[in-house]
Amino acid sequence: MNQRESLPTDLPVSRDAVDDPVAATADAHAAEPQAPQQTSAPASPRAMGQSHIHESARAQVAGAAHYIDDLPEVKGTLYAAPILSTVAHGTLNGVDASAALALPGVRGVVLAADVPGDKLLAAFAHDEPVFAVDTVQHIGQVIGLVVADSVMQARRAVRAVKLDIAPLPTVLSVHEALKAESYVLPPVFVRRGDAATGLAQSAQRLQGAFEVGGQEHFYLEGQIAYALPLEQKQWWIYSSTQHPGEVQHWVAHALGIDNHAVKVECRRMGGGFGGKETQAGHLAVWAAVAANKLGRPIKLRLDRDEDFMVTGKRHPFAYEYDVGFDDTGRITGLKLQMAANCGFSADLSGPVADRAVFHADNAYYLSDVEIASYRCKTNTQSHTAFRGFGGPQGVIVIEAILGDIARALGRDAQDVRMVNLYGQDASSGRNVTHYQMTVEDNILHALMPQLERDANYRQRQAAIAAWNATSPVLKRGLAITPVKFGISFTATLFNQAGALVHVYTDGSVQVNHGGTEMGQGLHTKVAQIVADELGVPLHRVLVTASDTSKVPNASATAASSGTDLNGRAAQFAARNVRDNLASFVCGLDGCGAGAIRFEGGQVISPKKVRPFDDVVKEAYANRIQLWSDGFYRTPKIHYDKATLTGRPFYYFSYGAACSEVVIDTLTGESRVARVDILHDVGHSINPAIDIGQIEGGFVQGMGWLTTEQLVWNDKGYLATHAPSTYKIPATGDIPQHFKVELWPEANQEDNVGGSKAVGEPPFMLAISVYEALRNAVAAGREGRDATEPVVLMAPATAENVLRALGKLGA
């Protein structure tokens, strides 16, 4: 299906509505007014708001886009493979690598003793060793490396390494961790009002418990790093990372050198999804330590099985709740316990669990609420960031609670959700979150009814009820769920960005910024922003590889804020260059700088129209600065980490999805039959990319809740560590009817181009699939009270659907 080339701003935009881009461009030019000669110029379509193709699309399709494993290797490069723990928890008594060292091509073994700097990674909690030292904490923990002349020689040699590990008691579930009070970080409690009184005075009350599983990132490009020692104790690290600045800091810390001696570069990743925010740093450190010991460049690439065994996943969560509500379904009291399985170290578990607390309300006002958040330590991989960063684990619990409230009351869940929405303004008395942030831009009172009408929700509910009444085996379910997702890093210090814009004497433009490209189109959007700021065609702007030697101290490309932060910084840098040129031209023409316009590759003053390229050449000849830096810090945000209160988010992104599913009550199999989405991206910078992100995020969320099941056995071994046993959604899982429309309003906050973030919020739209599945299960439970809660563990695999139906034991 062709992507849209341009989008109206007065109506929601459908992915199904396709324009002819050639005709649209021709029509646009035909409608342009003719300008007087030499005094003005025809307006040119802006780059922003148009569906330009991804900047690397042609190279990727042709196989010409370089990833780290495609780079030419420096002479003398060696290859490393990891030595992995085979025990979930134990005392490491010794490593016998003699047999491995005797094999052909093996050049050395690297262990904790070979780390010249700190033996612990420079992670926030400082609780994770570079290589295992005295103990091992999970099966798959990296104990060291074998380095050889080839990848396969290194991997074969690893199998010859003998480990002496004495087993210790293990903690493998959140329930065991809660009982043992095993935590990577202290529990956190957030309260508003009086939950106990609210519950006691509620007209009705429900209790429940359920769990949601983790999720493997399954990026197409696995974790990889290439460490090159340079002269005078300097280093060049190629890393597939969302956070080059952190990789720089971690490598320097492990080598015992200054940050300025380490350059980290990343042109692109083959997917990240949060899995390369911190954990790409591990590979870079391991490779650098090996390169430091052997004095040779080292490449380390995990194969898929190793990647599964070594790296962390989305945090699995377990919930217990006690909710009170009135006869309309409005929540009047809530006690909620959320227990996150964090794995063996803190990693990013603190902020992940915090965001789950922030999003436990989703779109709903909670007057009297008490939330307990436990960050459980288990002997598994250290779980980490994943698209949504705890938000999905917060949103799903309140949506499940509202679904059960609707069932208990015999009401349509859409009505129950609407009655619980945050108010639209202060007069409602219902627009302040449980963490004391005011919701100022709530559009869900308009967006959700619009989606309800567009998707024919009421008519389809009636038709599905009639179907289910006459279909003994196949049962259908339908649900609408919204999302309200806060945009900004909850750690305020990360909400900053820098960029460089260089205009060369031929008029071409180069941009470098602190963000990273993982396929999401960040570089494309930044180029569009800079092109419009300078008034040049998009093809004249080139965005170069993320590089710590160009933009220092950059934040991770995460929290959906890549374009918000880096796009604005690049805009400011381009604006500085534009202002320099405007001042130069106004001096030539004797006018004010504000009268100078940059459009269509031309510089327009009240007296003359000049080609941009000519102005640049003349400005250079007059020693005018043609490059600049730009810096941006997100305004308005503040956050008290001790009390979890304040305004952690600059704004909210909104959306809603209506999903229809069908289940087979004999086998437990399910299918998503239809999806309608109405999502808020503000004024889209690139509609095609945004729609693609919405579609991809939804499908990834659908996988989390339906097929992607992680299974650890009773020894702590991850049994689902390959595509043969771990099932991500494939093309056959995409619903035949999959419609995405964009909400037309601009961001009310002063964000770049009036846009809103799009990376993470759509992921949570897939919770509508989970709720639709629970509705289908409710229709298929024989001899059960229809008002009973539906306990469906996620992911809703065939086995879990059968358990929810009461046809399979726990």
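Since the model is a prediction, treat every value here as computed from it, not as a measurement.

## Here's the deal with the sheet that holds strand S24 (residues 609-611)
- Strand order across the open sheet formed by 3 strands is S22-S23-S24, with antiparallel pairing between neighbours. Each of the sheet's edge strands pairs with one partner strand only, and the pair in question is strand S22 (597-599) and S24. Sheet twist, expressed as the mean angle between neighbouring strand axes with direction ignored, is 25 degrees.
- Where strand S23 (residues 602-604) meets S24, 3 bridges bridge the pair, whose relative direction is antiparallel. Each bridged residue has a counterpart across the sheet, and for glutamine 602 the counterpart in S24 is proline 611.
- The strands that helix H17 (residues 612-621) touches are S22, S23 and S24; relative to S24, the one it contacts most, it runs at about 80 degrees.

## A closer look at the pattern of salt bridges
- Scanning the entire structure with this criterion turns up 41 salt bridges.
- One salt bridge in this structure joins glutamate 599 and arginine 597, with 3.1 Å as the shortest N-O distance.
- Given a relative accessible area of 25%, glutamate 599 falls into the partly exposed group.

## Concerning empty space enclosed by the protein
- If you walk through the whole model with that rule in mind, you get 6 cavities of 30 Å³ or more.
- Looking at the largest cavity, its volume works out to about 150 Å³.
- Taken together, 16 residues form the lining of the largest cavity, with Glu128, His282, Trp286, Val310 and Phe344 sitting closest to its centre.

## Focus on helix H18 (residues 687-706)
- The first and last C-alpha atoms of H18 sit 28 Å apart over 20 residues, in line with the 28 Å expected at 1.5 Å per residue.
- Burial within H18 is extensive, with 18 of its 20 residues counted as buried.

## Observations regarding the nonpolar core
- With 150 residues, the main nonpolar core has Leu334, Met338, Val530 and Phe698 as its most contacted residues.
- Ranked by size, the runner-up nonpolar core spans 38 residues in total, among them Leu78, Ala112, Val147 and Trp235.

## A word on helix H20 (residues 798-805)
- Looking at H20, one finds that the buried residues are Asn800, Val801, Leu802, Ala804 and Leu805.
- Tucked inside the fold, the buried residues of H20 contact strand S28 (651-664) and helix H19 (767-780).
- Two residues or fewer after H20 comes glycine 806, characterised by a positive phi angle close to 85 degrees.

## Let's talk about the packing of helix H11 (residues 391-409) against helix H12 (residues 413-420)
- It is the contact of H11 with H12, at a shortest axis distance of 8 Å, that shows an interaxial angle of 120 degrees. In terms of orientation, H11 lies oblique with respect to H12. Once H11 is placed against H12, the crossing between them reads as right-handed. Seen from H11, the contacting residues are Glu399, Leu402, Gly403, Ile405 and Ala406; seen from H12, they are Ala413, Val416, Arg417 and Asn420.
- Tallied by class, residues from the contact of H11 with H12 come to 5 nonpolar, 2 polar and 2 charged.

## A closer look at the environment of valine 791
- Counting through the fold element by element, valine 791 comes out in the loop between H19 and H20.
- Residues valine 791 and leucine 805, 14 residues apart in the sequence, show an inter-C-alpha distance of 9.0 Å.
- Among residues more than four places away in sequence, those in contact with valine 791 are Ala209 and Ala804.

## Let's talk about the environment of valine 289
- The topology assignment puts valine 289 in helix H8 (residues 280-294).
- For valine 289 and leucine 111, which are 178 residues apart along the polypeptide, the C-alpha to C-alpha distance reads 9.2 Å.

## Quick word on the packing of helix H7 (residues 244-255) against H8
- Contact geometry for H7 and H8: axes closest at 9 Å, N-to-C directions at 35 degrees. Here H7 runs over H8; the crossing is right-handed. Facing H7, whose interface residues are Val247, Trp250, Val251, Ala254 and Leu255, H8 presents Gly281, His282, Ala284, Val285, Ala288, Val289 and Asn292.
- Partitioning the contact of H7 with H8 into residue classes produces 9 nonpolar, 3 polar and no charged.

## Observations regarding the packing of aromatic side chains
- Within the structure shown, the criterion is met by 23 aromatic pairs.
- Consider the rings of tryptophan 236 and tyrosine 238, whose centres lie 5.5 Å apart with planes at 20 degrees: the pair is stacked.
- The exposure class assigned to tyrosine 238 is buried, which follows from its relative accessible area of 17%.
- Where phenylalanine 358 meets tyrosine 435, the ring centres are 4.7 Å apart and the plane angle is 65 degrees; that geometry is what we call edge-to-face. Residue phenylalanine 358 is located in helix H10 (residues 349-358), and its partner tyrosine 435 is located in the loop between H12 and helix H13 (444-454); the two are separated by 77 residues in the primary sequence. Here the two residues phenylalanine 358 and tyrosine 435 agree in accessibility, since each one is buried.

## Describing unusual backbone geometry
- Cis rather than trans, the peptide bond between alanine 794 and proline 795 has omega equal to 10 degrees.
- Take proline 795: it is sitting in the loop between H19 and H20.
- Even without being glycine, lysine 233 reaches a positive phi, approximately 60 degrees.
- Considering the arrangement of structural elements, one finds lysine 233 in the loop between strand S10 (224-229) and strand S11 (235-239).

## Side note on the environment of alanine 479
- Here alanine 479 lies in strand S17 (residues 474-487).
- The buried category is assigned to alanine 479, whose relative accessible area is 3%.
- Taking the C-alpha atoms as reference points, alanine 479 and glutamate 216, separated by 263 residues in sequence, lie 26 Å from one another.
- Setting aside residues up to four positions removed in sequence, alanine 479 forms contacts with Tyr457, Ala657, Cys658, Ser659, Ser768, Glu771, Ala772 and Asn775.

## What about the side chain of glutamine 141?
- Within the fold, glutamine 141 resides in the loop between strand S5 (135-136) and strand S6 (142-148).
- On the basis of relative accessible area, glutamine 141 is assigned to the buried category, the value being 5%.
- Within the structure, glutamine 141 has its side chain in polar contact with the backbone nitrogen of glutamine 137 (distance 2.5 Å).
- If we skip the residues at most four places from it in the chain, glutamine 141 touches Ile83, Leu84, Ser85, Pro129, Ala132, Thr135, Val136 and Phe344.

## Considerations on the sheet that holds strand S3 (residues 90-96)
- Across the sheet, which stays open at both edges, the 3 strands sit in the order S5-S3-S7 with antiparallel pairing between neighbours. Each having just a single partner strand, S5 and strand S7 (162-167) make up the two edges of the open sheet.
- The sheet contact formed by S3 and S5 spans 2 bridges and is antiparallel. Its bridge partner being in S5, threonine 91 is matched across the sheet by threonine 135.

## Details of the pairing of S17
- With 12 of 14 residues buried, S17 lies mostly within the body of the structure.
- Both S17 and S28 contribute to a ladder of 14 bridges, which runs antiparallel. Bridging from a neighbouring strand, threonine 481 pairs with alanine 657 of S28.

## Remarks on the state of the cysteines
- One pass over the structure, following the stated rule, counts 0 disulfides.
- Looking at the unpaired cysteine 342, the closest cysteine sulfur is the one in cysteine 376, lying at 6.5 Å.
- Here cysteine 342 falls in the buried class, since its relative accessible area comes to 0%.
- Its sulfur unpaired, cysteine 591 is 5.6 Å from the next cysteine sulfur, which belongs to cysteine 586.

Rules behind the numbers
- Per chain, residues are indexed from 1 in the order of the written sequence.
- This being a predicted model, a pLDDT of at least 70 is required before a residue's local features are given, and a value of 80 or more before pairs of side-chain atoms are given or counted; all residues contribute to the totals for chains, interfaces and linings.
- For side-chain calculations, the full set of non-hydrogen atoms in the structure is used, while hydrogens and water are omitted.
- For two strands to pair, DSSP has to find at least two bridges joining them.
- A helix here means a DSSP run of H or I that spans at least four residues, while a strand means a run of E at least two residues long, and both kinds are numbered starting from the N terminus.
- To obtain an axis, a line is fitted to C-alpha atoms, over the contacting stretch when the element is a helix, and the angle between two such axes runs from 0 to 180 degrees between their N-to-C directions.
- Whether two residues touch is decided by their heavy atoms; if any such pair falls within 4.5 Å, the residues are in contact.
- By salt bridge we mean one thing: a side-chain nitrogen of Lys or Arg within 4 Å of a carboxyl oxygen of Asp or Glu.
- The classification of residues rests on relative accessible area computed with a 1.4 Å probe and restricted to protein chains. Under 20% of the type maximum is buried, over 50% is exposed, and intermediate values are partly exposed.
- In this analysis the probe radius is 1.4 Å and the grid spacing 1 Å, with only protein atoms considered; a cavity is a set of points the probe fits into but cannot get out of, a pocket is an open set with protein on both sides within 12 Å along at least five of seven lines, and lining residues have an atom within 4 Å of a point.
- Grid points are joined across faces, edges and corners, and a volume is the space filled by probe spheres set on the points.
- How far a helix is expected to stretch is found by multiplying one less than its residue total by 1.5 Å.
- To form a nonpolar core, buried Ala, Val, Leu, Ile, Met, Phe, Trp, Tyr and Cys residues must be joined to one another through side-chain atoms within 4.5 Å.
- Working rule for angles: under 35 degrees goes down as roughly parallel, over 145 as roughly antiparallel, 65 to 115 as roughly perpendicular, anything else as oblique.
- Crossing handedness follows the turn of the near helix against the far one: under a right angle anticlockwise gives a left-handed crossing, and clockwise gives a right-handed one.
- Amino acids are sorted into nonpolar (Ala, Val, Leu, Ile, Met, Phe, Trp, Tyr, Cys and Pro), charged (Asp, Glu, Lys and Arg) and polar (every other residue, Gly among them).
- The pairing test for Phe, Tyr and Trp rings, Trp by its six-membered ring, is centres within 6.5 Å, and the orientation test on the planes gives stacked under 30 degrees, edge-to-face over 60, and tilted for anything in between.
- Definition of a polar contact: a pair of N or O atoms within 3.5 Å, with one able to donate and the other able to accept a hydrogen when the atoms are protein atoms, and with sequence-neighbouring residues admitted only if both atoms are side-chain atoms.
- In this description, the term disulfide denotes a pair of cysteine sulfurs within 2.5 Å.

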